[in-house]
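Residue-level listing of the chains:
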Amino acid sequence: VEEYESAIEMLTRTTVDARDAQVVDLLGACRTNVAAGCVKSSTGLHRERDAAEALHSAVLQCDAVLGGGGGMERFRAKALFRRGQAFGEASALEDAATEGLQGIAGGSESLRERAVKD
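Only a predicted model underlies this, so the values are computations on that prediction, with no experimental measurement involved.

1. Quick look at the overall build of the protein
Then, number 1: Along the protein, the regular secondary structure elements total 5 helices and 0 strands.
Then, number 2: Along the chain direction, N to C, the helices and strands of the protein fall in the order α-α-α-α-α.
Then, number 3: Looking at the protein residue by residue over its 118 residues, the buried ones come to 25%.
Then, number 4: Restricting the contact set of the protein to residue pairs at least 6 apart, pairs at least 24 apart contribute 54%.

Structure (structure tokens):
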């Protein structure tokens, strides 16, 4: 992932014409590969915050492709798929966190529901 991020930084910093087909292809490929790596790495992270940050990075990379226009069209399907994966993992992460909090609270009620009762 770090190598792809370095390539993105280099391609966006240089004075190369951003409309150049090769630059657009490289940016699209790098961004969707970073997104894939972030989604994959999020499942192996032990801290929920780290996993959430990795998933957020994946979504940002996909959004950059989807909003990029100018030749990025060929990467749209891949970016949509990767963004969907990130949202799916984020939802699973949120469900797991909710279940964990309910377990700590001592029952099926959420912490919010218990606070209102007390």
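2. A short note on the side chain of Ser 42
Then, number 1: Looking at the element boundaries, Ser 42 is found in helix α2 (residues 21–42).
Then, number 2: For Ser 42, a relative accessible area of 7% puts it in the buried group.
Then, number 3: Leaving out residues up to four positions away in the same chain, Ser 42 has contacts with Ala 51, Ala 54, Leu 55 and Glu 89.

3. Details of the packing of helix α1 (residues 2–13) against α2
Then, number 1: Where α1 meets α2, the axes come as close as 9 Å, and the angle between the chain directions of the two elements is 150°. Crossing hand, α1 versus α2: left-handed. Contacts from Tyr 4, Glu 5, Ala 7, Ile 8, Leu 11 and Thr 12 of α1 reach α2 at Val 23, Leu 26, Leu 27, Cys 30, Arg 31, Asn 33 and Val 34.
Then, number 2: Within the contact of α1 with α2, the residues separate by chemical class into 9 nonpolar, 2 polar and 2 charged.

4. Notes on the nonpolar core
Then, number 1: Counting residues in each nonpolar core, the largest one holds 21 residues, and the members touching the most others are Leu 27, Ala 58 and Ala 86.
Then, number 2: Elements represented by at least two residues in this core include exactly α1, α2, α3 (48–66) and α4 (76–105).
Then, number 3: Leave out the neighbours within four places in its chain, and Leu 27 touches Ile 8, Leu 11, Thr 12 and Met 72.

The rules behind these values
Residues numbered from 1 in each chain as written. Predicted model: local features only at pLDDT ≥ 70, side-chain atom pairs only at ≥ 80, totals over all residues. Heavy atoms only, no water. Helix = DSSP H or I, 4+ residues; strand = E, 2+ residues; numbered from the N terminus. Buried < 20%, exposed > 50% of the residue type's maximum accessible area, 1.4 Å probe, protein only. Contact = heavy atoms within 4.5 Å. Axes fitted to C-alpha atoms, helices over the stretch in contact; angles between N-to-C directions. Left-handed = near helix turned anticlockwise from the far one by under 90°. Nonpolar A, V, L, I, M, F, W, Y, C, P; charged D, E, K, R; others polar. Core = buried A, V, L, I, M, F, W, Y, C linked by side-chain atoms within 4.5 Å.

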